[in-house]
Amino acid sequence: MQTHGLRYNWTREEVRTIYKSLLLNLLFTAQAAHRQYFVPGEVQLCQLLSIKTGGCPEDCAYCPQSAHYSTGVARQDLLSIDEVLRAAREANKNGVSRFCMGAAWRQVSDGPEFEVVLEMVRGVASLGLEVCCTLGMLTESQAKRLAEAGLYAYNHNLDTSPEFYGQIITTRKYEERLRTLEHVRKAGITVCCGGIIGMGESDEDRIALLHQLATLQPHPESVPINVLVRVQGTPLADVDPVDPLILIRTMAAARILMPSSRLRLSAGRWALSREAIALCFMAGANSIFVGDKLLTTPNPSRLEDEVLLEELDLKPMHHA
Ligand code: SAM
Ligand code: DTB
Ligand code: SF4
């Protein structure tokens, strides 16, 4: 991967200036940055699978899987290796090049369930897919074992600014998230780290999140930008929806700050217009999640997405 021209010493002020610049200038600069590192019109298709659902001890205010809220999400114990491999093979056939397994855990515990997850990673990797996991906090030795099993990426989001974080989650600290990211890095696994917008945060919070991400050295190879999916029963069920132009601004700023990272238009795409999605691609997004479901919430159907890709002249990116 080309690393020329990347910067890690962005100041908060510089990030603010970029984020607040005139929208059309922002889009133009972001698209130019995008073209230095990527083939225009190529998008990576990723698919999620919830391998363990609900009943999570954390109190993340956005999350339908937290045991602190009653959201109607049915709890599901760890899936079998067979069920996971069946889903991964199906995804592979459908042109997906990255498969991400999510578990509603606060952290990974050593023991039989972790051994099963390691076997799932080996199996998915053997299909030639980029395999990603998001399992909560990890120790250094757990990260090392995942790397040995062939894990390509680990997703662990900072979610929002350090300042706003305490209003969203009280059961863990921002610093703990950063520590897991260090363990992932040290084990040689690529980092997938981003956040959520539309939780009632301010521009300054979004700027601070972008600043945190863009000063990680190296940058996360993958940056998911999620739009809050408001789920009944969670404390954020009735928060005002975010203006799509704010999403587009956040995407463009992320592309300029971290030009060589894959930028993923993740949760919340279902609620966006085709035109807003097109502007996200203009702003430098180059990946989406496909499949009828994200982890627990709905996503556009595969058929709708086929039409979308065709209408926007986008081509699926193949495995690197
Ligand atoms: N339990 C693990 C953790 O928190 O790291 C992994 C799974 S968790 C569901 C992964 C990410 O999904 C969260 O960090 C958050 O960014 C995102 N997420 C969860 N609920 C969401 C929602 N309602 N809308 C948008 N993003 C959401
Ligand atoms: C990420 O940043 N977005 C993806 C992935 N990482 C795990 C998933 C978002 C999940 C949205 C809520 C749900 O479907 O439960
Ligand atoms: Fe648990 Fe992850 Fe949901 Fe937080 S985001 S409640 S840690 S599943």
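For the structure, check the block above.
Residues numbered from 1 in each chain as written. Chains lettered and ligands numbered in written order. Predicted model: local features only at pLDDT ≥ 70, side-chain atom pairs only at ≥ 80, totals over all residues. Heavy atoms only, no water.

Undergrad: When you look at the packing of aromatic side chains in this model, what are you seeing that I'm missing?
TA: Working definition: an aromatic ring pair is given by the centre-to-centre distance plus the angle between the planes. In the structure shown here, the tally under the stated rule is one aromatic pair. Here Y165 and Y174 contribute two aromatic rings whose centre-to-centre distance is 5.0 Å and whose plane-to-plane angle is 85°, an arrangement assigned as edge-to-face. Y165 sits in the buried class, given a relative accessible area of 3%. (Phe/Tyr/Trp six-rings, centres within 6.5 Å; stacked < 30°, edge-to-face > 60°. Buried < 20%, exposed > 50% of the residue type's maximum accessible area, 1.4 Å probe, protein only.)

Undergrad: Even after reading the chapter, I still don't get the side chain of S287, so can you show me in this structure?
TA: On the secondary structure map, S287 appears in strand 9 (residues 287–289). Of the polar contacts made by the side chain of S287, one reaches the backbone oxygen of Q44; its length is 3.0 Å. When sequence neighbours within four positions are dropped, the list of residues in contact with S287 reads V43, Q44, C46, L263, R264 and L265. (Helix = DSSP H or I, 4+ residues; strand = E, 2+ residues; numbered from the N terminus. Polar contact = N/O pair within 3.5 Å; in protein donor to acceptor, adjacent residues only side chain to side chain. Contact = heavy atoms within 4.5 Å.)

Undergrad: Is there a simple way to explain the site of ligand 1 in this structure?
TA: Ligand 1 sits among 19 residues. The nearest are Y62, T134, N157, D159 and V229. At 3.2 Å from a nitrogen atom of ligand 1 is found a main-chain nitrogen or oxygen belonging to A103. A distance of 2.7 Å is found between an oxygen atom of ligand 1 and a side-chain nitrogen or oxygen belonging to D159. In isolation ligand 1 exposes 550 Å². Once the protein is present, 90% of that is buried. Taken together, the residues that form the shell around ligand 1 break down as 11 nonpolar, five polar and three charged. (Near = heavy atom within 4 Å. Areas by Shrake-Rupley, 256 points an atom, 1.4 Å probe, with all protein chains shown as cover. Nonpolar A, V, L, I, M, F, W, Y, C, P; charged D, E, K, R; others polar.)

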